[in-house]
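# Per-entry structural report
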2 protein chains.
Amino acid sequence: MYGVRRGRLRDRCAATGSAAALISRPANVRYLAGGAPPGAVLLLGPADDVLVCPRKPTGDPADGRPDEGLRLVVMQTPAGDAAVAATELARTEGVESLAVEEHHLTVARHRALGSVAPRLRLADLGLAVEQQRIVKDEDEIACLRIAAEITDQALGELLESILVGRTERHLALELERRLVDHGADGPAFATSVATGPNSGRTGHRPGDRRVEEGDFLSVCLGANYRGYRCEIGRTFVIGTTPADWQIELYELVFAAQRAGREALLPGTAYRDVDHAARQILDVAGHGEELPPRTGHGVGLEIDEDPQLAPAAMGKLDACVPVTVEPGVHLPGRGGVRIDDTLVVRQEADGGPELLTITTKELLAL
Amino acid sequence: MYGVRRGRLRDRCAATGSAAALISRPANVRYLAGGAPPGAVLLLGPADDVLVCPRKPTGDPADGRPDEGLRLVVMQTPAGDAAVAATELARTEGVESLAVEEHHLTVARHRALGSVAPRLRLADLGLAVEQQRIVKDEDEIACLRIAAEITDQALGELLESILVGRTERHLALELERRLVDHGADGPAFATSVATGPNSGRTGHRPGDRRVEEGDFLSVCLGANYRGYRCEIGRTFVIGTTPADWQIELYELVFAAQRAGREALLPGTAYRDVDHAARQILDVAGHGEELPPRTGHGVGLEIDEDPQLAPAAMGKLDACVPVTVEPGVHLPGRGGVRIDDTLVVRQEADGGPELLTITTKELLAL
């Protein structure tokens, strides 16, 4: 499987006139190598493919296991730069043009590569690997499905516990512990717990505020399973009966999120998914408070292409996992965010596959 | 204070022929701006200093508060690139030469800066800010001192709990929760808990192995307090009586760590601190199993200059906080690491100031 992925990239690379490519962005290395210790880079050579590692792979499950089709080179000087070592290797193998990831290499590192191999032409691989990663195979989707199950379990347990009086920070740590309890390799991203006036804010970092009666409570979390990351976001009310404004706002955001989910079909433009959700909030007069996008791809990174945003170019394919996460935050009052991870599927296959199945009713906790 | 820091950098920058500098590396932005929302960059202009933010600062304590001496510019398009926006601003202000952080900017971003301001000469600021950050002022050291107190408290509590049967992952999460309990803004880095054959391994990522009788247990953790990060590492034995090889190995690593600590004086070469610790392990026949360095600077990042390593150039100054963390890992058996954070002080001032005060006796838990 990894060999096939590397084969596709090599063809693409050859078409741009480079017989070899240096992959340095960690998620791209993992996608093509199966697994790699931190700091490793992948050299797609004209002959064989070499994984250059600062130190021996430890067998740490979080790193994954390097594909057997790879030649493993462990550097003599662990403090050194694997990209530089790989470039020297390419030079000794007589490579003339090496495609590198200019969106990942720093200017200083790129210069270092040039200086160890002055005759080597450094081309730009661009986002070739990221583009190849957008459409997932069923093995990848299976990992995302498990990550989503773990995430639903962790969230479900939290809902059964007492929340009033606990701080955002503690609830976030509690959720991350439960993710690991249920088999996650770790959280997919920093868990967000937002209470009262903070609720509904995208990417709010948990603070010392405690949950109070009458609060909106919005949480956003996800599991990392075998490197694959999903995301769920829910908003709850604390106390027996939500206020009218809370019910209205919740129903509005729920309607927008449903519209976004229902727009997830192969062939739909990214921006049209965003528009489907955004216009509902816009019409209701919340155009100002809206985040710049409605969702994004997920996979080996929590924030991948496609971007579901007004200016995004491109159309959805089948087997692309994305989040749909509209939200409204009213400064000083708080707000609502509802966030699911789904996989785009053909209508004949039942349409979008919802991975995060925790209820989206407005729960009063 | 932040104004003074920016003033020093501006002088240095002017000396290299650039009237303006673009700071993009997050820790450097925070150092010079006091605080900044994620994704913000700092433009040291010829006239005033501008903090360009993708969105309004939220007042999140983890971000810190931007210094009042700064002009705040919030971008219209949050999805856009703050470095590009700052470069356009520099152009409109008639800047001719802009020093940028080529060790942080990617090749692709650097090109983007060039294309929004073709007439602007992009120079390299190099590691100017990182070098300025090496020697800390007393406010910074005060934050590190608090971070160390929090870390000692979290570790102390763990030692009072039952350990046998618990997994590395759970102990690590428990420690991180306790850090936050005691006032940390978060962990300074991913907490490492290593048991049995994993013990003593630098940067071991906690897995599913459970603590067993007779194990070595090594932990490495640290608090992030107001952005400042410290580090402590300790190794314990599980059970009533350590084996002879465990006692011998522990005493050896302890002797090496003490030698390293005692070498921490202004004027001592970085490599001599490393040598002081390394030779003791080397003579004992562990030269092979040693990590590439004995310690490193800490501050706004957990891994800063100086590097205490065989090939490191330079000498210690007073008020430089560093770790001293030698360790030996015997493949298949495990090992010992002992890690403290200290501040280099003049002998007249009592010599190195130990921030992490948890006992280094070999405890049998």
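Keep in mind that this is a model prediction, so the values were computed, not measured.

## Thoughts on the domain arrangement of chain A
Residues and elements named next belong to chain A. In terms of domains, chain A is made up of domain 1 (1-132) and domain 2 (135-354). Distance between the C-alpha centres of domain 1 and domain 2: 34 Å. Counting residues at the interface gives 7 residues for domain 1, matched by 9 residues for domain 2. Of the roughly 750 Å² buried between domain 1 and domain 2 on both sides combined, carbon and sulfur atoms contribute 47%. At the surface where domain 1 touches domain 2, the tally comes to 3 salt bridges. Notably, a salt bridge pairs arginine 5 with aspartate 137, separated by 2.9 Å at the nearest N-O pair. For the pair domain 1 and domain 2, the interface holds 3 residue pairs in polar contact (both at pLDDT 80 or more).

## Some words on the relation of the copies chain A and chain B
Once turned by 180 degrees and shifted 0.0 Å along the axis, chain A lies on chain B with an RMSD of 0.0 Å. Such values leave the two copies arranged in the relation of a two-fold axis. When C-alpha distances to the rotation axis are compared across chain A, the minimum falls at A:Thr106, with a value of 1.9 Å. Looking at chain A, 100% of its interface residues are interface residues in chain B too, so the copies touch through the same face.

## A closer look at the sheet that holds strand E11 (residues 228-229) of chain A
All names here are of chain A. Taken in spatial order, the 3 strands of this open sheet run E7-E10-E11, and their pairing is antiparallel. Edge positions in the open sheet fall to strand E7 (186-187) and E11, since each of these has one partner strand only. The pairing of strand E10 (residues 223-225) with E11 spans 2 bridges and is antiparallel. When the bridges of E11 are listed, asparagine 224 appears paired with arginine 229.

## Section: helix H9 (residues 270-286) of chain B
All names here are of chain B. Compared with the 24 Å implied by 1.5 Å per residue over 17 residues, the 21 Å span of H9 between its first and last C-alpha is markedly short. Maximum bend of H9: about 30 degrees, positioned at arginine 278. All of the buried residues in H9 are Tyr270, Val273, Asp274, Ala276, Ala277, Arg278, Leu281 and His286. In this fold, the buried residues of H9 make contact with helix H8 (244-262), strand E14 (304-308) and strand E16 (327-330).

## Some details on the packing of helix H6 (residues 138-159) of chain B against helix H7 (residues 168-181) of chain B
Residues and elements named next belong to chain B. H7 packs onto H6 with a crossing angle of 135 degrees between their chain directions and a minimal axis gap of 9 Å. As judged from the angle between their axes, H6 and H7 are oblique. In the crossing of H6 with H7, the sense of the turn from one axis to the other is right-handed. Of the residues in H7, those in contact with Ile150, Thr151, Ala154, Leu155, Glu157 and Leu158 of H6 are Leu171, Glu174, Leu175, Arg178 and Leu179. Counted by class, the contact of H6 with H7 contains 7 nonpolar, 1 polar and 3 charged residues.

## Here we look at the interface of chain A and chain B
Facing the 29 residues of chain A at the interface are 29 residues of chain B. Interface area, chain A with chain B, both sides summed: about 2,300 Å², of which 56% is carbon and sulfur. Looking at the side of chain A facing chain B, the largest losses of area belong to A:Val107, A:Arg169 and A:Arg205, adding up to 25% of the total buried there. Inspection of the region where chain A meets chain B yields 6 salt bridges.

## What to know about the packing of aromatic side chains
All names here are of chain A. A full pass over the atoms with the stated rule returns 2 aromatic pairs over all chains. Seen from their ring centres, phenylalanine 216 and tryptophan 245 are 5.5 Å apart, and the 80 degrees between their planes marks the pair as edge-to-face. With phenylalanine 216 in strand E9 (residues 216-221) and tryptophan 245 in helix H8 (residues 244-262), the pair connects residues that are 29 residues apart, well separated along the chain. Residue classification places tryptophan 245 among the partly exposed residues on the basis of a relative accessible area of 26%. Of note, arginine 333 hangs over the ring of tryptophan 245, and the distance from its end group to the ring centre comes to 4.2 Å.

## Some points on the sheet that holds strand E6 (residues 121-124) of chain B
All names here are of chain B. Read across the open sheet, the 6 strands follow the order E4-E3-E2-E1-E5-E6; overall the sheet is mixed. The sheet is open, and its two edges are formed by strand E4 (71-74) and E6, each paired on a single side. Along the sheet, successive strands turn relative to each other by an average axial angle of 25 degrees, direction set aside.

## Some words on the packing of helix H1 (residues 2-15) of chain B against helix H2 (residues 26-33) of chain B
Residues and elements named next belong to chain B. The interhelical angle for the contact between H1 and H2, taken along N-to-C directions, is 120 degrees, at an axis separation of 7 Å. If you check the angle between H1 and H2, you find them oblique. Each of Tyr2, Arg5, Arg6 and Leu9 in H1 lies in contact with H2, whose residues at this interface are Arg30, Tyr31, Leu32 and Ala33.

## Let's talk about the UniProt feature "domain: Peptidase M24" (unreviewed entry) in chain A
On the UniProt side, "domain: Peptidase M24" (unreviewed entry) is annotated at positions that read residues 143-345 of chain A here. Taken end to end, residues 143-345 of chain A has its terminal C-alpha atoms 17 Å apart, with 33% of it in helix and 23% in strand.

## Notes on the side chain of A:Thr106
Following the sequence through the fold, A:Thr106 ends up in the loop between strand E5 (97-100) and helix H4 (107-116). There is a polar contact of 3.1 Å between the side chain of A:Thr106 and the backbone nitrogen of A:Arg109. The residues touching A:Thr106, leaving out its near neighbours within four places in the chain, are B:Glu102, B:His103, B:His104, B:Leu105, B:Thr106 and B:Val107.

## Remarks on the pairing of E16(B)
Along any regular strand the residues' side chains alternate between the sheet's two faces. Residue and element names in this part refer to chain B. The alternating pattern of E16 places Gly327 and His329 and Val328 and Leu330 on opposite faces, both of which are buried. Here E16 runs beside strand E17 (residues 334-337); their pairing, made up of 4 bridges, is antiparallel. Pairing of valine 328 across the sheet is with valine 336, part of E17.

## A look at the pattern of salt bridges
Enumeration according to the criterion identifies 70 salt bridges over all chains in this entry. When the shortest N-O distance is used, the salt bridge between B:Glu102 and A:Arg111 registers 2.1 Å. In this pair, B:Glu102 is assigned in the loop between strand E5 (97-100) and helix H4 (107-116) and A:Arg111 in helix H4, connecting two distinct chains. For A:Arg111, a relative accessible area of 44% gives the class partly exposed. The salt bridge partner of B:Asp63 is A:Arg205, with a shortest N-O separation of 2.3 Å. Residue B:Asp63 is found in the loop between strand E3 (49-53) and E4, and its partner A:Arg205 is found in the loop between strand E8 (192-195) and E9; the two belong to separate chains. Residue B:Asp63 is classed as buried on the basis of its relative accessible area, which comes to 8%. Given the relative accessible area of 31%, A:Arg205 is considered partly exposed. One continuous salt-bridge network, built from bridges that share partners, spans A:Arg25, A:Glu130, A:Arg133, A:Lys136, A:Glu301 and A:Glu304.

## Description of unusual backbone geometry
All names here are of chain A. Cis rather than trans, the peptide bond between aspartate 305 and proline 306 has omega equal to 0 degrees. Following the sequence through the fold, proline 306 ends up in strand E14 (residues 304-308). Even without glycine at this site, arginine 226 takes up a positive phi of about 55 degrees. For arginine 226, the position within the fold is in the loop between E10 and E11. Positioned with a positive phi, cysteine 319 is a non-glycine residue whose angle comes to about 65 degrees. Looking at where cysteine 319 falls in the secondary structure, it is placed in the loop between E14 and strand E15 (321-324).

## Concerning the state of the cysteines
Residues and elements named next belong to chain B. For the coordinates displayed, the defined rule picks out 0 disulfides over all chains. Summary of cysteine pairing: cysteine 143 is not part of a disulfide, and the nearest cysteine sulfur, belonging to cysteine 230, is at 11 Å. Cysteine cysteine 230 shares no disulfide, and the gap to the nearest cysteine sulfur, in cysteine 220, comes to 9.8 Å. When its relative accessible area of 0% is taken as the criterion, cysteine 230 is described as buried.

Basis of the calculations
- Residues numbered from 1 in each chain as written.
- Chains lettered and ligands numbered in written order.
- Predicted model: local features only at pLDDT ≥ 70, side-chain atom pairs only at ≥ 80, totals over all residues.
- Heavy atoms only, no water.
- Domains from an automatic or database assignment.
- Contact = heavy atoms within 4.5 Å.
- Buried area = accessible area lost by both parts, 1.4 Å probe.
- Salt bridge = Lys/Arg side-chain N within 4 Å of Asp/Glu carboxyl O.
- Polar contact = N/O pair within 3.5 Å; in protein donor to acceptor, adjacent residues only side chain to side chain.
- Least-squares fit on C-alpha atoms with pLDDT ≥ 70 in both.
- Pairing = 2+ DSSP bridges.
- Helix = DSSP H or I, 4+ residues; strand = E, 2+ residues; numbered from the N terminus.
- Expected span 1.5 Å × (residues − 1).
- Bend = angle between axes of the 7 residues up to and from the residue.
- Buried < 20%, exposed > 50% of the residue type's maximum accessible area, 1.4 Å probe, protein only.
- Axes fitted to C-alpha atoms, helices over the stretch in contact; angles between N-to-C directions.
- Parallel < 35°, antiparallel > 145°, perpendicular 65-115°, else oblique.
- Left-handed = near helix turned anticlockwise from the far one by under 90°.
- Nonpolar A, V, L, I, M, F, W, Y, C, P; charged D, E, K, R; others polar.
- Phe/Tyr/Trp six-rings, centres within 6.5 Å; stacked < 30°, edge-to-face > 60°.
- Lys NZ or Arg CZ within 6 Å of the ring centre and 35° of its normal.
- UniProt positions renumbered as here; feature names shortened; annotations may be inferred.
- Disulfide = S-S within 2.5 Å.

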